[in-house]
Amino acid sequence: MVQHALTTHGRPLFARMLHEGSTLFDDRLVDPDGLRQAVRRLSEGTYREDGDAQLLQVLNLHMATQAFL
């Protein structure tokens, strides 16, 4: 379920986040280059539960910060 959410719905959200920027990048809480690499790996079909599932937290924090701006 997590893999499907990230590869189907998460990738466009990450792409927008990387294109438009994020407070998480500005405050150095998330490394945009590291996120770019993770999204590229997901696009290639390589999913690792032990690391990639945490990407949901990145989306959650990004959307939460957007709600308060």
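Scroll up to find the structure.
Residues numbered from 1 in each chain as written. Predicted model: local features only at pLDDT ≥ 70, side-chain atom pairs only at ≥ 80, totals over all residues. Heavy atoms only, no water.

Draft legend 1. Structural detail: the overall build of the protein chain. Assigned secondary structure in the protein chain consists of five helices and zero strands. If you list the helices and strands of the protein chain from N to C, you get α-α-α-α-α. Compactness check: the protein chain gives a C-alpha radius of gyration of 11 Å against a globular reference of 11 Å for 69 residues, within 12% of the reference. Taken along the three principal axes of its C-alpha coordinates, the protein chain extends 35 × 20 × 20 Å. Counting across all 69 residues of the protein chain, residues that qualify as buried make up 28%. Considering only contacts in the protein chain between residues 6 or more positions apart, those separated by 24 or more positions represent 60%. (Helix = DSSP H or I, 4+ residues; strand = E, 2+ residues; numbered from the N terminus. Rg over C-alpha atoms; globule rule 2.2 N^0.38 Å. Buried < 20%, exposed > 50% of the residue type's maximum accessible area, 1.4 Å probe, protein only. Contact = heavy atoms within 4.5 Å.)

Draft legend 2. Geometry of helix H1 (residues 2-20). At Gly10, H1 shows its largest bend, some 55 degrees, and a proline, Pro12, comes one to four positions later. Residues Leu6, Gly10, Phe14, Met17 and Leu18 constitute the buried set of H1. Count one or two residues on from H1 and you reach Gly21, which has phi positive near 95 degrees. (Bend = angle between axes of the 7 residues up to and from the residue.)

Draft legend 3. The arrangement of the side chain of His62 in detail. With respect to the element layout, His62 can be found in helix H5 (residues 55-68). Given the relative accessible area of 10%, His62 is considered buried. Apart from the residues lying within four places of it in its own chain, the contact partners of His62 are Met17, Gly21, Ser22 and Leu24.

Draft legend 4. Highlighting the nonpolar core. Core analysis: the largest hydrophobic core is formed by 15 residues, its most contacted members being Phe14, Met17, Leu35 and Leu55. Looking at this core, the elements with two or more residues in it are H1, helix H2 (23-26), helix H3 (32-43) and H5. Dropping the residues within four chain positions of it, Leu55 is found in contact with Leu6, Phe14, Leu35, Ala38 and Leu42. (Core = buried A, V, L, I, M, F, W, Y, C linked by side-chain atoms within 4.5 Å.)

Draft legend 5. Molecular detail of the pattern of salt bridges. What the rule picks out here adds up to two salt bridges. Two residues, Asp33 and Arg36, come together in a salt bridge whose shortest N-O distance is 2.9 Å. Taken together, the positions of Asp33 and Arg36, both in helix H3 and three residues apart, correspond to about one turn of that helix. Here Asp52 makes a salt bridge to Arg41, at a shortest N to O gap of 2.5 Å. Of this pair, Asp52 sits in helix H4 (residues 49-52) while Arg41 sits in helix H3, and the two are 11 residues apart along the sequence. A relative accessible area of 1% places Asp52 in the buried class. Arg41 gets classed as partly exposed once you look at its relative accessible area, which sits at 23%. (Salt bridge = Lys/Arg side-chain N within 4 Å of Asp/Glu carboxyl O.)

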